[in-house]
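Remarks on the overall topology
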Amino acid sequence: MTFILVGIAGMFGALLRYSLSAAIDGSAAEGAFPAATFCANIAGAFILGWFTTYVIAARRLHPQLSAAIGTGLIGSFTTFSTFSVETVELLRGGHWALALLYGLASMVGGLLAAALGCLLGKRLVRRREGAE
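Being a predicted model, the structure only gives us computed values, none of them experimental. Throughout this description, residue numbers start from 1 for each chain and increase along the sequence as written. At least 70 in pLDDT is required for a residue's local features to be given in this predicted model, at least 80 for side-chain atom pairs to be given and counted, and no such filter applies to totals for whole chains, interfaces and linings, which use all residues. Think of the side-chain values as coming from all heavy atoms in the structure, minus any hydrogens and water.

Here we come to a nonpolar patch on the surface. What goes into a patch is any residue over 30% in relative accessible area without a salt bridge, connected to like charges within 9 Å or, for nonpolar side chains (Val, Leu, Ile, Met, Phe, Trp, Tyr), within 5 Å. Computed by Shrake-Rupley with a 1.4 Å probe, the accessible areas treat only the displayed protein chains as cover when residues are assessed. Here a salt bridge means any side-chain nitrogen of Lys or Arg lying within 4 Å of a carboxyl oxygen belonging to Asp or Glu. Side chains of M1, I4, I8, M11, F12 and L15 sit close together on the surface and give an oily, nonpolar patch of about 630 Å² of accessible area. Segments assigned H or I by DSSP are reported as helices when at least four residues long, segments assigned E as strands when at least two residues long, and all are numbered from the N terminus. Tracing the backbone through its elements, the reader meets M11 in helix 1 (residues 2-25). For every residue, the accessible area (1.4 Å probe, protein chains only) is compared with the maximum for its type, and the residue is labelled buried under 20%, exposed over 50%, or partly exposed between those bounds. On the accessibility criterion, M11 (45% relative accessible area) is partly exposed.

F51, Y54, V55, I74 and V125 form the largest nonpolar core, which has five residues in total. Ranked by the residues each element gives to this core, the list is headed by helix 2 (residues 35-56), at three residues. Every residue pair with non-hydrogen atoms within 4.5 Å of one another is taken to be in contact. Setting aside its immediate chain neighbours within four residues, V125 contacts T53 and Y54. Only buried residues count toward a nonpolar core, which is a set of Ala, Val, Leu, Ile, Met, Phe, Trp, Tyr and Cys residues joined through side-chain atoms within 4.5 Å.

Quick look at a positive patch on the surface now. Charged residues are defined here as Lys and Arg on the positive side and Asp and Glu on the negative side; His and the ends of the chain fall outside this count. Note on charges: their place is set at NZ of Lys, CZ of Arg, CG of Asp or CD of Glu. Together, K122, R123, R126 and R127 make up a region of like positive charge exposed at the surface. Mapped onto the elements of the fold, R127 is located in helix 5 (residues 96-131).

Relative orientation of the contacting elements helix 4 (residues 80-92) and helix 5 amounts to 160 degrees, with a least axis distance of 7 Å. Accordingly, the angle class assigned to the pair helix 4 and helix 5 is roughly antiparallel. For the crossing formed where helix 4 meets helix 5, the hand is left-handed. Side by side, helix 4 and helix 5 meet where F83, E86, T87, L90 and L91 of the first sit next to W96, L98, A99, Y102, G103 and S106 of the second. Helix axes use the C-alpha atoms of the stretch in contact, all axes being lines fitted to C-alpha atoms, and the angles between their N-to-C directions lie in the range 0 to 180 degrees. Our angle categories are set so that under 35 degrees counts as roughly parallel, over 145 as roughly antiparallel, 65 to 115 as roughly perpendicular, and the remainder as oblique. The sense of a crossing depends on the near helix, which, turned anticlockwise from the far helix by less than a right angle, makes the crossing left-handed and, turned clockwise, makes it right-handed.

Next up on the list: helix 3 (residues 63-77). Taking 1.5 Å of rise per residue, the 15 residues of helix 3 would be expected to cover 21 Å, and the 20 Å separating its terminal C-alpha atoms lies within 8% of that figure. On its buried side, helix 3 packs onto helix 1 and helix 2. Between the first and last residue of a helix there are one fewer steps than residues, each counted as 1.5 Å, and that sum is the expected span.

To continue, consider the pattern of salt bridges. Tallied over the entire structure, the rule returns one salt bridge. With a closest N to O distance of 3.3 Å, R92 and E89 form a salt bridge. Taken together, the residues R92 and E89, both in helix 4 and three residues apart, mark about one turn of the helix. The exposure class of R92 is exposed, given its relative accessible area of 65%. For E89, a relative accessible area of 43% puts it in the partly exposed group.

Let us look at the packing of helix 2 against helix 5. Packing of helix 2 against helix 5 leaves a shortest axis separation of 7 Å and a crossing angle of 25 degrees. Taken as axis vectors, helix 2 and helix 5 run roughly parallel relative to one another. Remark: the crossing between helix 2 and helix 5 carries right-handed chirality. Residue polarity follows a fixed list, in which Ala, Val, Leu, Ile, Met, Phe, Trp, Tyr, Cys and Pro are nonpolar, Asp, Glu, Lys and Arg are charged, and the others, Gly among them, are polar. The class makeup of the residues in the contact of helix 2 with helix 5 is 15 nonpolar, eight polar and two charged.

Here L91 is to be found in helix 4. For L91, a relative accessible area of 30% puts it in the partly exposed group. Through-space distance from the C-alpha of L91 to that of G31 is 9.1 Å; in sequence the pair is 60 residues apart. Ignoring anything within four residues of it in the chain, the contact list for L91 reads W96 and A99.

None of the figures reported here should be taken as evidence of function without further support.
Right, dumping it as structure tokens:
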């Protein structure tokens, strides 16, 4: 059953990711900053940090639903493979500085976003525990 839930949630995550890409990068020129992938990965890192720290730690959801949301929905919304290919394409196009900026901003931004999501999750857990 978990596989089915992860697959269904993954379908929705992929549709959200495609919609974001169509909305942001619909008319992006070659050699442009890959804004849609960057936004998806940063937002996904923050949401997954919060989700794993608050929702899963607080045991607010059934483990199968947690796997569906964390792995399926958020996992398919974010995309390391697209980030990798876009970076290689920037390099192949001679856009070395942009590729470096994109790579560093994605890695540092993703780690910071995940840390902020975890921090928010921990604060919400403490607030919830204090209210009980």
